[in-house]
Amino acid sequence: MSANGKPKFAMYWAASCGGCEIAVLNIGDKILAVDEAFDVAFWPCAADFKVRDVEGYPDGYIDLCLFNGAIRTSENEEMAHLLRRKSRVLVAFGSCAHEGCIPALANLTTADAIFDTVYQSSVSVDNPQRLRPQPVTRVAEGELRIPVFYERVKALDQVVPVDYIIPGCPPEPHQIWAVLEAIVTGATLPAPGGTIIGAGKVAVCEECPLEKHEKTIQRFYRPQEIVPEPGVCLLEQGIFCMGPATRSGCDARCPRVGMGCRGCYGPMDGVEDQGARMLAALASVVGVGSLRDEESELEHLIDAVMATLPDPAGTLYRFSMAHSLLERARPAAGVSP
């Protein structure tokens, strides 16, 4: 607490799109209550704070830090360690901090391949000297340093201990306010240690109002290929939906408007790999062939169904690659993990 009795609030933006920063404003007029209840100690997106400001704070000075974004660079990791040390409560805020999210799909390739695309092979790039950013560049005035671009994208809790996780891409306003209100009022929070708060315990399907029948899928459709029948489970209609493998708490917002769940709340408790869980669910509903068919023929028919699902890895692990059993593509010999 500060001298005036107000708790200290911080928010940091690492490897992410920045939507989580904007989501805080979605709590509406409650943002005024936040301003009244907290002193902002660090929020570079909202005001002119410097890293040296945080470095000068005593350890544990910040009461609540919402850290959004994955760990892509050395700067992200350094800030994670700094804010962990300076914060009493550190929250992995949103899908990128929770499980790597879209940035962690880069784990399906290598840093070298990414740099090649960005700085050399793209048709719009003119770089005959094949120059690439270097962590340290010596010039007449001295050394210029930029963050190191890591080979692997990590979730926040793979770098520092996290007290709580608020999932979502971005988190819903009621989740955000519940945490802020708990800190302000001194309400009892669950035991820390990577605890997920503000979300449900069951699958999205359990809170989805769409009518469900026995599922039999003969192919998958992309959103532009089909107009879904209103009120009927999207997966039954061949529209890919991660609902069976995704934690509830969002009120099934995407399925309610005809878009399949993409999995941004992550897996339910006890599920080690969200993508594998969804793949098992799909395997149980593929409706092709019969018991009389040869195994080789059934395999061909199933492959034909799965071929209608574009980019399986990017679809099944869109939000959870960093925490998946895959973690990343296997590096070539001599490439550090």
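Residues numbered from 1 in each chain as written. Predicted model: local features only at pLDDT ≥ 70, side-chain atom pairs only at ≥ 80, totals over all residues. Heavy atoms only, no water.

### Here we look at empty space enclosed by the protein
One water molecule sets the probe size; rolling that probe over the atoms shows where empty space is left.
And then number 1: Inspection of every chain in the model, using the stated rule, returns one cavity of 30 Å³ or more.
And then number 2: Its volume calculated, the largest cavity comes out at about 90 Å³.
And then number 3: Along the walls of the largest cavity sit 13 residues, with Cys205, Cys208, Cys233, Leu234 and Cys241 positioned nearest its centre.
And then number 4: Here the lining of the largest cavity is built from residues that sort into ten nonpolar, one polar and two charged. (1 Å grid on protein atoms, 1.4 Å probe; cavity = no way out; pocket = protein on both sides within 12 Å on 5 of 7 lines; lining within 4 Å. Points joined across faces, edges and corners; volume = space filled by probe spheres on them. Nonpolar A, V, L, I, M, F, W, Y, C, P; charged D, E, K, R; others polar.)

### With respect to the packing of aromatic side chains
And then number 1: In total, this model carries nine aromatic pairs according to the counting rule given.
And then number 2: Ring centres of phenylalanine 9 and tryptophan 43 lie 5.6 Å apart, and the angle between their planes is 75°; on these two criteria the pair is classed as edge-to-face. Taken together, the residues span a long stretch of sequence, with phenylalanine 9 in strand β1 (residues 8-13) and tryptophan 43 in the loop between β2 (39-42) and α3 (51-55) at a distance of 34 residues.
And then number 3: Judged by centre distance (5.5 Å) and plane angle (65°), the rings of phenylalanine 115 and tyrosine 119 are edge-to-face. A residue pair is termed a helical-turn pair when its members lie 3 or 4 positions apart in one helix, as phenylalanine 115 and tyrosine 119 do in helix α6 (residues 111-121) at four residues.
And then number 4: Assessed through its relative accessible area of 17%, phenylalanine 115 is described here as buried.
And then number 5: Owing to a relative accessible area of 31%, tyrosine 119 belongs among the partly exposed residues under this scheme. (Phe/Tyr/Trp six-rings, centres within 6.5 Å; stacked < 30°, edge-to-face > 60°. Helix = DSSP H or I, 4+ residues; strand = E, 2+ residues; numbered from the N terminus. Buried < 20%, exposed > 50% of the residue type's maximum accessible area, 1.4 Å probe, protein only.)

### With respect to the nonpolar core
Nonpolar side chains in soluble globular proteins tend to end up buried together.
And then number 1: The biggest cluster of nonpolar side chains holds 36 residues, and the ones touching the most others in it are Phe220, Leu235, Phe240, Met242, Met278, Leu282 and Leu316.
And then number 2: In this structure, this core is formed jointly by two domains, domain 1 (8-102 + 151-196) and domain 3 (204-323), each of which donates at least three residues.
And then number 3: The contacts of methionine 242, once residues within four sequence positions are left out, are Cys261, Arg262, Gly263, Gln274, Met278, Thr315 and Leu316.
And then number 4: Ranked by size, the runner-up nonpolar core spans 24 residues in total, among them Tyr12, Ile62, Met79 and Ile196. (Core = buried A, V, L, I, M, F, W, Y, C linked by side-chain atoms within 4.5 Å. Domains from an automatic or database assignment. Contact = heavy atoms within 4.5 Å.)

### A closer look at the domain arrangement of the protein chain
Put simply, an interface is often sized by how much accessible area is lost when its parts join up.
And then number 1: As far as domains go, the protein chain holds domain 1 (8-102 + 151-196), domain 2 (113-150) and domain 3 (204-323).
And then number 2: Placing a centre on the C-alpha atoms of domain 2 and another on those of domain 3 gives a separation of 40 Å.

### Here we look at the sheet that holds β1
And then number 1: Spatial ordering of the open sheet is given by β2-β1-β3-β5-β9-β10, a layout of six strands whose pairing is parallel. The open sheet has two edge strands, β2 and β10 (195-196), and neither has a second partner.
And then number 2: In the packing of helix α7 (residues 173-185) onto the sheet, the strands contacted are β1, β3 (62-68), β5 (87-93) and β9 (164-166), and the crossing angle to β3 comes to about 165°. (Pairing = 2+ DSSP bridges. Axes fitted to C-alpha atoms, helices over the stretch in contact; angles between N-to-C directions.)

### Section: the environment of glutamine 218
And then number 1: By the secondary structure assignment, glutamine 218 is in the loop between α8 (204-207) and α9 (253-256).
And then number 2: Spatially, the C-alpha atom of glutamine 218 lies 34 Å from that of glycine 94, the residues being 124 residues apart in sequence.
And then number 3: Non-local contacts of glutamine 218, meaning those with residues more than four positions away in its chain, are made with Gly287, Val288 and Val305.

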